[in-house]
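Here's the letter readout for the chains.
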Amino acid sequence: MSFVVDGAEWKFDDWAADEIVADIEAVLEFVETSRERGEVIYIGEDFQRRAMLDGKDLWSIASRGGDLNLPSEVVQELAAWLGRAPCYLDQESWPDGLDNTIAIDGGPDLDNLDVAWAHHSVRANSPVGCLGLRTSGIHETRSATGLAKIFWVRTEEDRLSFWRNAIILTGDSHASLRRFAPHAYPYIYFHSGALDDANTLGGGYLALRENIRECLGILNDYGRWVFTAPPPPLRPSDPAGPNPNTRPSNQIIQARFRGYGFDVAPENPNVFLDNHCRRAREIKLGERTIYCEWHVKLELHRNRIHLHAPISESGEKLIVAIIREHLPLP
């Protein structure tokens, strides 16, 4: 599972109409990205019937002529989403101890089955977050059976934090990394077999897991910018360079990565000139063979993550090509 809509937030009394429309449109954008990434969003069985404004349900206020006066395309997107949205109560397996009563951040007990489902799922080590209209971040929830920290998600940043936490929640193992990496690091193109090989690193994956997770987070969040943004900025917040068509030099790329705490460097030219060593660093994307000379040094003398700058064949994503203890040198 991934996300459950917190239906209790869809209570629009005293909200300005333009705020309601903006928040619904933000949810629909989140929903569309989730669909593209194969991340399921569940709703409660009463979501489309519950009172949302002046005692009226969603379709009474959202349809043509309704109180919200939503643009027709927004109504169509809502209908397309909710027409296919699954209900979490239709799942064959329910989390143990499920009941409707839940408290959030030390507040009073509430009747909120949506949040309770996420709470009891997380207590069973199954990553489930709540999709909120205005709430985001981590909040502590309490039921009769105990406590759990639940992610409310609204933005892309919230989403990435949720999936990166899912790796830890489900054991922080090599298996959990492989399972959730496509969601936790969606702006990285992982070449076939690269994540599998993380378990062959010297000293084992578990000894390096925190460093690897942090590294993948930086590569996902900033890697494309590091390799493509015109110089001289070393951070995205720095003033832009004078020539938008200039590519960053190797020195600029290395300095940018150093600013994020990682030693990333290209191979020496003699590595490319050695056929055996060059081929060890080559991968194929479609019909194209690329030489992945850039590498992250996880340790001083061993354990490397070999990279290539974004290209069209990778969907303009940074490429994580090879993860190995070492590759041959001349």
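Quick caveat, the model's predicted, so the values are computed rather than measured. (Residues numbered from 1 in each chain as written. Predicted model: local features only at pLDDT ≥ 70, side-chain atom pairs only at ≥ 80, totals over all residues. Heavy atoms only, no water.)

Asks: I tried to follow the pairing of strand 11 (residues 288–291) on my own but got confused; where do I start?
Replies: Regular strands place side chains that alternate from one sheet face to the opposite one. With four bridges joining them, strand 10 (residues 282–285) and strand 11 adopt antiparallel strand pairing. Paired with Leu285 across the bridge in strand 11 is Arg288. The antiparallel hairpin formed by strand 10 and strand 11 contains two residues in its connecting segment, where Gly286 sits at a positive phi of about 65 degrees. (Pairing = 2+ DSSP bridges. Helix = DSSP H or I, 4+ residues; strand = E, 2+ residues; numbered from the N terminus.)

Asks: Honestly, the packing of helix 5 (residues 156–169) against helix 7 (residues 205–228) in this entry has me stumped. Any pointers?
Replies: The description of two packed helices rests on the angle between their axes and on the distance between the axes. The geometry of helix 5 relative to helix 7 is characterised by a closest axis approach of 12 Å and an angle of 160 degrees between their N-to-C directions. Taken together, the axes of helix 5 and helix 7 are roughly antiparallel relative to one another. Crossing hand, helix 5 versus helix 7: right-handed. For the pair helix 5 and helix 7, the contacting residues are Leu160, Arg164, Ile167 and Ile168 in the first and Arg213, Gly217, Asn220 and Asp221 in the second. Looking at the contact of helix 5 with helix 7 residue by residue, the classes come out as three nonpolar, two polar and three charged. (Axes fitted to C-alpha atoms, helices over the stretch in contact; angles between N-to-C directions. Parallel < 35°, antiparallel > 145°, perpendicular 65-115°, else oblique. Left-handed = near helix turned anticlockwise from the far one by under 90°. Contact = heavy atoms within 4.5 Å. Nonpolar A, V, L, I, M, F, W, Y, C, P; charged D, E, K, R; others polar.)

Asks: Where do I start with helix 8 (residues 250–259) in this structure?
Replies: Structural remark: α-helix, 3.6 residues per turn; residues separated by three or four positions point the same way. Within the span of helix 8, buried status applies to Ile252, Ile253, Ala255, Arg256 and Phe257. Next to the buried residues of helix 8 lie helix 7, strand 9 (264–265) and strand 12 (294–297). Positive backbone phi, approximately 90 degrees, marks Gly261, located one or two places after helix 8. (Buried < 20%, exposed > 50% of the residue type's maximum accessible area, 1.4 Å probe, protein only.)

Asks: Looking at this model, I keep getting lost on the packing of aromatic side chains. Mind explaining?
Replies: Tallied over the entire structure, the rule returns 17 aromatic pairs. Plain terms: the ring middles of Trp10 and Phe47 are 5.0 Å apart, the flat faces sit at 80 degrees to each other, and that makes the pair edge-to-face. Residue Trp10 is located in the loop between strand 1 (3–5) and helix 1 (17–37), and its partner Phe47 is located in the loop between strand 2 (41–42) and helix 2 (58–62); the two are separated by 37 residues in the primary sequence. Of the two residues, Trp10 and Phe47, both sit in the buried class. Aromatic rings pair up to connect Phe3, Phe30, Phe151, Phe162, Trp163 and Phe180 into one cluster. Stacked on the ring of Tyr260, the Lys or Arg Arg235 has its end atom at 4.1 Å from the ring centre. Stacked on the ring of Trp225, the Lys or Arg Arg256 has its end atom at 4.2 Å from the ring centre. (Phe/Tyr/Trp six-rings, centres within 6.5 Å; stacked < 30°, edge-to-face > 60°. Lys NZ or Arg CZ within 6 Å of the ring centre and 35° of its normal.)

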